[in-house]
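Breakdown of the fold
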Amino acid sequence: MLHTLGLGVILSSLWLLLSGLFDNLLILSLGLASVLFVLYIAHRMDVINHEGHPFHLRWRAVTYWPWLMWEIVKANIDVAKIIISPKMEIQPHLFEVDASLSSELGHVIYANSITLTPGTVTVDLDDGVLRIHALTKDAADGVKSGEMNKKVASVESGDGGQV
């Protein structure tokens, strides 16, 4: 019930922010009806659960996001240098890494974090083994170092996001 309520609050807030209409009773009631209809459909589809709406990770994820944003900025700079360079020193690598994560949600967070970082793409995820394409050897080495895996594991386990 808590996940349904949380989803309802998020959908209502998003609807209010995007519509910008706070004074028309008819429009507000139609917005409320649409949110309730979406909640009903989501409940019937049984998609409201702790993995679909991971509220249990909220504070731990907040510590992970700034670190991930910084990694994305650094990777953007690296990719921009490669593109601007007249030599275009691209060294494509396709490799596999084992994720030391205990849940499917942790695997998805890890795979998506790799894909969000420019220069690397998670191609496949199967039984905790990720197949990754990297633009350069340095990008591949960065993933193989396991730092991101440790960060995601700390978010998943709840030790405060510390490595």
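Just so it is clear, the structure is predicted and the values come from calculations on it, not from any experiment.

Side note on the overall build of the protein chain
In terms of helices and strands, the protein chain carries six helices and three strands. Each helix and strand of the protein chain, ordered N terminal to C terminal, gives the series α-α-α-β-α-β-β-α-α. On C-alpha atoms alone, the protein chain measures out to a radius of gyration of 20 Å, which is more than a quarter above the 15 Å that the 2.2 N^0.38 rule sets for 163 residues. If you line up the protein chain on its principal axes, its C-alpha atoms span 60 × 40 × 30 Å. Per-residue burial for the protein chain yields a buried fraction of 31% across its 163 residues. The contacts of the protein chain with a sequence gap of at least 6 include a subset with a gap of at least 24, amounting to 65%. Total accessible area on the protein chain stands at roughly 10600 Å², and carbon and sulfur atoms take up 65% of it.

Considering helix α6 (residues 147–157)
Note on helix geometry: an α-helix contains 3.6 residues per turn, so any two residues three or four positions apart are oriented the same way. Along α6, eight of the 11 residues are buried, which leaves the element largely enclosed by surrounding structure. Every buried residue of α6 is accounted for by Met148, Asn149, Lys151, Val152, Ala153, Ser154, Val155 and Glu156.

A few points about the side chain of threonine 120
Structurally, threonine 120 is set in strand β2 (residues 120–126). Of note is the side chain of threonine 120, whose polar atom sits 2.7 Å from the backbone oxygen of isoleucine 114. Threonine 120 has contacts with Ile114, Thr115, Ile132, His133, Ala134, Ala139 and Val143, leaving out every residue within four places of it along the chain.

Here's the deal with the confidence of the model for the protein chain
Detailed reading of predicted coordinates is not advised where the pLDDT is low. Summary statistics for the protein chain give a mean pLDDT of 85 and a share of 90% for residues scoring 70 or more. Ranking the elements of the protein chain by mean pLDDT puts helix α1 (residues 2–19) last with 85 and strand β3 (residues 129–134) first with 94.

Topic: the nonpolar core
Residues Tyr110, Leu130 and Met148 are the most contacted members of the largest nonpolar core, which totals 20 residues. Elements supplying a minimum of two residues to this core: α3 (58–84), β1 (93–98), α4 (104–116), β3, α5 (137–144) and α6. Once residues within four sequence positions are removed from consideration, tyrosine 110 is found in contact with Val97, Ala99, Leu101, Leu130, Val143, Met148, Asn149 and Val152. Listed in part, the five residues of the second largest apolar core include Leu7, Leu39, Ala42 and Ile48.

Brief notes about unusual backbone geometry
With phi around 50 degrees, methionine 88 is a residue other than glycine that occupies positive phi space. Tracing the chain through its elements places methionine 88 in the loop between α3 and β1. A relative accessible area of 39% places methionine 88 in the partly exposed class.

Here we look at the pattern of salt bridges
Going through the model one piece at a time under the given rule, you end up with three salt bridges. Between lysine 74 and glutamate 71 there is a salt bridge; the shortest N-O distance is 3.0 Å. In this pair, lysine 74 and glutamate 71 both sit in helix α3, three residues apart, roughly one turn of the helix. What makes lysine 74 partly exposed here is its relative accessible area of 34%.

Let's talk about the pairing of β3
Each regular strand carries side chains that alternate between the two faces of the sheet. Burial along β3 is one-sided: the face carrying Leu130, Ile132 and Ala134 is buried and the face carrying Val129, Arg131 and His133 is not. Across six bridges, the pairing between β1 and β3 is antiparallel. Counterpart to valine 97 in the pairing with β3 is leucine 130. Pairing of β2 with β3, which is carried by six bridges, proceeds in the antiparallel orientation. Looking at the pairing, threonine 120 lines up with alanine 134 of β3. Where β2 hands over to β3, the hairpin turn is made up of two residues, of which aspartate 127 adopts a positive phi near 50 degrees.

Rules of the game
Residues numbered from 1 in each chain as written. Predicted model: local features only at pLDDT ≥ 70, side-chain atom pairs only at ≥ 80, totals over all residues. Heavy atoms only, no water. Helix = DSSP H or I, 4+ residues; strand = E, 2+ residues; numbered from the N terminus. Rg over C-alpha atoms; globule rule 2.2 N^0.38 Å. Buried < 20%, exposed > 50% of the residue type's maximum accessible area, 1.4 Å probe, protein only. Contact = heavy atoms within 4.5 Å. Areas by Shrake-Rupley, 256 points an atom, 1.4 Å probe, with all protein chains shown as cover. Polar contact = N/O pair within 3.5 Å; in protein donor to acceptor, adjacent residues only side chain to side chain. pLDDT = per-residue confidence, 0-100. Core = buried A, V, L, I, M, F, W, Y, C linked by side-chain atoms within 4.5 Å. Salt bridge = Lys/Arg side-chain N within 4 Å of Asp/Glu carboxyl O. Pairing = 2+ DSSP bridges.

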